[in-house]
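Structure at a glance
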Amino acid sequence: MIEVICREDKFLVRGTFSLGIMGTFTNKEFTDAGEITIEDTVSDILEELEDADSFYYQPLFPYLQGKTDGAEIAKGLAAYYNQKEKEAQQHIKQINDCVLYHLFEELEGCAYPFWEIAQAVIPKRLEDVDLDTIYDTEESVSDWWQEFWEQPNNGTLQKTDVEGKLREMFPMFNFDGLYRSIVSQGMALQGRFIEVQFSDGWGGDLFCGAYDRFDEHFTSCEWNNH
């Protein structure tokens, strides 16, 4: 849960926002330079509210319309994003699965040797495995692209149990260790979009400044994993 205040036309955030395996983003004090930021100023938002077709702010209209000063807008922003966090928790399975789909689609695509990362494997489950055939699975991760490409992750669509499938396909992979290692690096709140960046704590060989932009339906809009 976050709080938002307005100071000199800027919005400052304090609190936490949890987003599944991507981590919990935290500002211990009100700041515009912490893990959670709001880039738009009061002037920016007031201008958006004058446009009935505002691309960035239309989903926030119920929380912001009729508000004219920074303090009121700050409360509206906090209410909207806290509601989004609640919705994220309700549908965290699909959001997490979307992130895992992106990661393993990349690993599979280049046959990345994740087993060379000591922390990424469960040693006993790697014994007697032919490393050349790890990606020769009956089902391909890329088969799931239609479920996640420009599709909402808010429970409105039935989707593959990605984590469950991946645990079957790659039983030697240390999923739980990966989740525990995640380093949350930043979250930017910009109207309908929630932008996040995070890395794994194993040297960034799997998630390396991974970035995505989620819209109000938690659609993955801009995945990029350096």
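The structure reproduced in this document is the subject of the present report. Since this is a predicted model, take the numbers as computed values, not measurements.

Cut-offs applied
Residues numbered from 1 in each chain as written. Predicted model: local features only at pLDDT ≥ 70, side-chain atom pairs only at ≥ 80, totals over all residues. Heavy atoms only, no water. Helix = DSSP H or I, 4+ residues; strand = E, 2+ residues; numbered from the N terminus. Buried < 20%, exposed > 50% of the residue type's maximum accessible area, 1.4 Å probe, protein only. Areas by Shrake-Rupley, 256 points an atom, 1.4 Å probe, with all protein chains shown as cover. Lys, Arg positive; Asp, Glu negative; His and termini not counted. Charge placed at Lys NZ, Arg CZ, Asp CG, Glu CD. Pairing = 2+ DSSP bridges. Axes fitted to C-alpha atoms, helices over the stretch in contact; angles between N-to-C directions. Contact = heavy atoms within 4.5 Å. Parallel < 35°, antiparallel > 145°, perpendicular 65-115°, else oblique. Nonpolar A, V, L, I, M, F, W, Y, C, P; charged D, E, K, R; others polar. Disulfide = S-S within 2.5 Å.

A tally of helices and strands in the chain yields eight helices and seven strands. Projecting the C-alpha coordinates of the chain onto the three principal axes gives extents of approximately 65 × 35 × 25 Å. Buried residues in the chain amount to 50% of all 226 residues. Summing over all exposed atoms, the chain offers an accessible surface of approximately 11,300 Å²; the carbon and sulfur share of this is 45%. Here the chain holds 17 positive side-chain charges and 44 negative ones, and the gap between their average locations is 9 Å.

Before going further, it helps to spend a moment on the sheet that holds strand E1 (residues 2-7). Taken in spatial order, the three strands of this open sheet run E1-E2-E3, and their pairing is antiparallel. Either end of the sheet is taken by a strand with one partner, and the two such strands are E1 and strand E3 (24-31). Mean inter-strand twist for the sheet, computed between neighbouring axes without regard to direction, equals 20°. Across five bridges, the pairing between strand E2 (residues 10-18) and E3 is antiparallel. Bridge pairing in E3 places Val13 opposite Thr31. Lying on the sheet, helix H3 (residues 70-90) is in contact with E1 and E2; it crosses E2 at an angle near 20°.

Another aspect to go through is the packing of helix H1 (residues 42-49) against H3. Where H1 contacts H3, the axes come no closer than 11 Å and their chain directions differ by 75°. Looking at the two axes, H1 sits roughly perpendicular to H3. Across the interface between the two elements, Val42, Ile45 and Leu46 of H1 pack against Gly70, Ile73 and Leu77 of H3. Class assignment for the residues of the contact of H1 with H3 results in five nonpolar, one polar and no charged.

With that out of the way, let us pick up the state of the cysteines. Considering all chains together, one arrives at zero disulfides under this definition. This cysteine, Cys208, is not joined by any disulfide, and Cys110 carries the nearest cysteine sulfur, 13 Å off. On the basis of relative accessible area, Cys208 is assigned to the partly exposed category, the value being 32%. Here Cys221 is not cross-linked by a disulfide; its sulfur's nearest cysteine counterpart is in Cys98, at 9.6 Å.

Attention now moves to the packing of helix H4 (residues 92-109) against helix H7 (residues 162-169). The geometry of H4 relative to H7 is characterised by a closest axis approach of 8 Å and an angle of 40° between their N-to-C directions. When the interaxial angle is binned, H4 and H7 end up oblique. For the pair formed by H4 and H7, the contact residues are Lys93, Asp97, Leu100, Tyr101 and Phe104 on the first element and Val162, Glu163, Gly164 and Leu166 on the second. Of the residues that constitute the contact of H4 with H7, the class distribution is five nonpolar, one polar and three charged.

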